[in-house]
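# Fold and contact review
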Amino acid sequence: MANAASGMAVHDDCKLRFLELKAKRTHRFIVFKIEEQLKQVIVEKLGEPAQGYEDFTRSLPADECRYAVYDFEYTTEGNVPKSRIFFIAWSPDTSRVRSKMIYASSKDRFKRELDGIQVELQATDPTEMGLDVFKSRAN
């Protein structure tokens, strides 16, 4: 397990699942959670390839912080299918201050463990990571 600057370790399963998403496209999204008692980042939920954006947003708790990775597929203006791997730092306004601080201080180190992130989003409410935001940031 890699050690994060904030003292949070990153469970090997996080990197393994991310590699599966990136290389094999076996997951549409991954939701990561910091397990405070264990002081490590773990995989909380895996999205099946057939699942979409709505399934992804429903996987994020309304009042708790999470990290997430989403494989966003889109078509360019020239009708070329493409995809971008988004890293989302989900920190809703209603979450605990301590939780927000832990997630914020661990984010950069955790993100570095996931080699292949193409776009980063920080969101405090669903409108900050709407489908329109993904589309505009993908290009």
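Notes on the structure follow. It should be emphasised that the depicted structure is a prediction, and the values quoted were computed from it without experimental measurement.

## Here's the deal with unusual backbone geometry
A positive phi angle, close to 55°, is found at K39, a residue other than glycine. Here K39 lies in the loop between β3 (29–35) and β4 (40–47). Taking relative accessible area as the criterion, K39 reaches 48% and is therefore assigned partly exposed. You will see that N79, though not glycine, has its phi angle at about 65°, which is positive. Note on placement: N79 falls in the loop between β5 (66–75) and β6 (81–90). Note on N79: relative accessible area 62%, which makes it exposed.

## Some words on the pairing of β5
Burial of β5 is extensive: 8 of the 10 residues sit out of reach of the surface. As defined by bridge partners, β3 adjoins β5 across 4 bridges and the pair is classed as antiparallel. Among the inter-strand pairings, F32 is bridged to a residue of β5, identified as Y67. Here β5 runs beside β6; their pairing, made up of 10 bridges, is antiparallel. Residue pairing across strands places V69 opposite F87, the latter belonging to β6. In textbook terms, the turn of a hairpin is the stretch between consecutive antiparallel strands, and for β5 and β6 this stretch comprises 5 residues, one of which, N79, has a positive phi near 65°.

## So, the side chain of E113
Topologically, E113 is positioned in helix α3 (residues 97–113). One polar contact links E113 to R109, side chain to side chain, over a distance of 3.3 Å.

Quick notes on the rules
- Residues numbered from 1 in each chain as written.
- Predicted model: local features only at pLDDT ≥ 70, side-chain atom pairs only at ≥ 80, totals over all residues.
- Heavy atoms only, no water.
- Helix = DSSP H or I, 4+ residues; strand = E, 2+ residues; numbered from the N terminus.
- Buried < 20%, exposed > 50% of the residue type's maximum accessible area, 1.4 Å probe, protein only.
- Pairing = 2+ DSSP bridges.
- Polar contact = N/O pair within 3.5 Å; in protein donor to acceptor, adjacent residues only side chain to side chain.

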